[in-house]
Amino acid sequence: MSERTPDLCAAYGCPLMGVHGVSGKWYCCCHFNANPGLNDAITAELHRNKPLVDRAMALRRAGVAHGALENELVTLTKEIGQQRDLTTEMEAE
Ligand SMILES: [Zn+2]
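Worth saying up front: this structure is predicted, and the values here are computed from it rather than measured.

> Sorry, what's going on with the pattern of salt bridges here?
Between side chains of opposite charge, pairing is possible as soon as their charged atoms come close. Counting across every chain of the model gives four salt bridges. Residue Glu70 pairs with Arg60 through a salt bridge whose shortest N-O separation is 2.8 Å. Here the residue Glu70 occupies a position in helix α3 (residues 67-81), and Arg60 occupies one in helix α2 (residues 50-61), the gap between them amounting to 10 residues. Accessibility expressed as a relative area gives 3% for Glu70, which makes it buried.

> What is the right way to look at the coordination of the zinc ion in this model?
Here the zinc ion is held by the protein donor atoms Cys9 (SG), Cys14 (SG), Cys28 (SG) and His31 (ND1), which lie 2.0 to 2.3 Å from it. Classification of the site at the zinc ion rests on its four donor atoms, whose angles at the metal span 107 to 114 degrees, yielding the label tetrahedral. Counting gaps between the donor residues of the zinc ion yields the pattern C-x4-C-x13-C-x2-H. Placement of the pair is Cys14 in the segment before β1 (20-22) and His31 in the loop between β2 (25-27) and α1 (39-48), with a sequence separation of 17 residues. Grouping residues by exposure puts Cys14 and His31 together as buried.

> Just to check I follow, could you spell out the nonpolar core for this structure?
Counting residues in hydrophobic clusters, the biggest one holds 19 residues, and the most contacted among them are Cys14, Leu16, Cys30, Leu46 and Leu73. Ignoring anything within four residues of it in the chain, the contact list for Cys14 reads Leu8, Cys9, Cys28, His31, Thr43 and Leu46.

> Teacher, can you tell me more about α1 here?
Within α1 the residues assigned to the buried category are Asn39, Ile42, Thr43, Glu45 and Leu46. Buried residues along α1 cover an arc of 160 degrees about the axis, so they all sit on one side. Residues of α1 that are exposed and point more than 90 degrees away from the buried face comprise Asp40 and Arg48.

Parameters and conventions
- Residues numbered from 1 in each chain as written.
- Predicted model: local features only at pLDDT ≥ 70, side-chain atom pairs only at ≥ 80, totals over all residues.
- Heavy atoms only, no water.
- Salt bridge = Lys/Arg side-chain N within 4 Å of Asp/Glu carboxyl O.
- Helix = DSSP H or I, 4+ residues; strand = E, 2+ residues; numbered from the N terminus.
- Buried < 20%, exposed > 50% of the residue type's maximum accessible area, 1.4 Å probe, protein only.
- Donors = N, O, S within 2.8 Å, 3.2 Å for Na, K, Ca; no water.
- Tetrahedral: all angles 85-135°; square planar, octahedral: opposite > 155°, others 65-115°.
- Core = buried A, V, L, I, M, F, W, Y, C linked by side-chain atoms within 4.5 Å.
- Contact = heavy atoms within 4.5 Å.
- Arc of directions from axis to C-beta.

Now the structure itself:
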């Protein structure tokens, strides 16, 4: 049972949409591949960059995956979460 909105990232408090499935949970571009012990730090950084997050979410809700914008969010959180680069699948036409 989960009280979480199903389309949101599984990391606690994360404002982004979960788009990468891992073991039955869905994570956003920033928490996917990230060190789980650093999830809260990544979430805090996302809240500090709310304008970018809001833009990414508005596009996601419209059914659009904006690769460049989401890569920007990944870049912002990469040094915190130590995750790998996003794959290029979203940039393919
Ligand atoms: Zn997330």
